[in-house]
Amino acid sequence: GAGVSQTPSNKVTEKGKYVELRCDPISGHTALYWYRQSLGQGPEFLIYFQGTGAADDSGLPNDRFFAVRPEGSVSTLKIQRTERGDSAVYLCASSLNSGLPINEQFFGPGTRLTVL
Amino acid sequence: AQSVTQLDSQVPVFEEAPVELRCNYSSSVSVYLFWYVQYPNQGLQLLLKYLSGSTLVESINGFEAEFNKSQTSFHLRKPSVHISDTAEYFCAVRSGAGGTSYGKLTFGQGTILTVHP
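Since this is a predicted model, take the numbers as computed values, not measurements.

A few points about the overall build of chain B
- The helix and strand tally for chain B stands at zero helices and twelve strands.
- Listing every helix and strand of chain B by position from the N terminus yields β-β-β-β-β-β-β-β-β-β-β-β.
- In terms of overall dimensions, chain B is globule-like: its C-alpha atoms have a radius of gyration of 14 Å, near the 13 Å expected for 117 residues.
- Dimensions of chain B, computed from the C-alpha atoms along their principal axes, are close to 45 × 30 × 25 Å.
- Relative to its 117 residues, chain B shows a buried fraction of 47%.
- Sequence separation of at least 24 residues holds for 58% of the intrachain contacts in chain B that already meet a minimum separation of 6.
- Roughly 5,600 Å² of accessible area belongs to chain B as shown, and the carbon and sulfur atoms make up 50% of that amount.
- Taking the average location of the 7 positive side-chain charges in chain B and that of its 9 negative ones, the two points are 14 Å from each other.

Focus: the interface of chain B and chain A
- The interface is formed by 20 residues belonging to chain B together with 23 residues belonging to chain A.
- With both sides pooled, the region where chain B packs onto chain A buries about 1,700 Å², and carbon together with sulfur makes up 54% of that total.
- Linking chain B with chain A are one residue pair in polar contact (both at pLDDT 80 or more).
- Contributions of two or more residues to the side of chain B that touches chain A are made by β5 (31-38), β6 (45-50), β10 (87-95) and β11 (105-107) of chain B.
- A per-element tally of the side of chain B that touches chain A places β5(B) first, with four residues.

Rules behind the numbers
- Residues numbered from 1 in each chain as written.
- Chains lettered and ligands numbered in written order.
- Predicted model: local features only at pLDDT ≥ 70, side-chain atom pairs only at ≥ 80, totals over all residues.
- Heavy atoms only, no water.
- Helix = DSSP H or I, 4+ residues; strand = E, 2+ residues; numbered from the N terminus.
- Rg over C-alpha atoms; globule rule 2.2 N^0.38 Å.
- Buried < 20%, exposed > 50% of the residue type's maximum accessible area, 1.4 Å probe, protein only.
- Contact = heavy atoms within 4.5 Å.
- Areas by Shrake-Rupley, 256 points an atom, 1.4 Å probe, with all protein chains shown as cover.
- Lys, Arg positive; Asp, Glu negative; His and termini not counted.
- Charge placed at Lys NZ, Arg CZ, Asp CG, Glu CD.
- Buried area = accessible area lost by both parts, 1.4 Å probe.
- Polar contact = N/O pair within 3.5 Å; in protein donor to acceptor, adjacent residues only side chain to side chain.

See the structure below:
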């Protein structure tokens, strides 16, 4: 079946602009995660959803970042007033649910965001 | 809170040589441990995981890792590497305690394994 998909694959924007990054999880997966990977670093947790609600948003760096998952499937990560330091690959992952560690997190290919 | 340290950013080896990629973690609670692999131009894939039981876990392509609680380590090993093992490898931990932080993974910085012919 289809894996986790993310759109766009690449996004170039100017400093100060607003961007939206989309994640389509694997069908039936109730848990959805966002991570950010800067150059030369490992993925860094941002937020995860169990169903429609954000179960943990402790990784969001500031209030310019916001994510939604209104119907418990597709999620959108929104970044306001982008800064050059926001440039990174944004990864999305999904799993059957977050409660059991045996449920593997499957990662999407990522969206590469470049802020000029 | 947890943290993960991968002690080597790059590991070059020759084909058929053994390799060890080191991973140490820090946590005040019990953890689950994972190794992910990212092949060139591909997404992250789970390689192997330790949840409970035997401290030695294996992958389908010959890698193994041993959970050492006293040394807080989860090193990845392979006795004989192939060119196709060239990739970036990430060690990750997940809290074994309950609460809202239960689901997230904390990753190390990654180790680039390059296998030369």
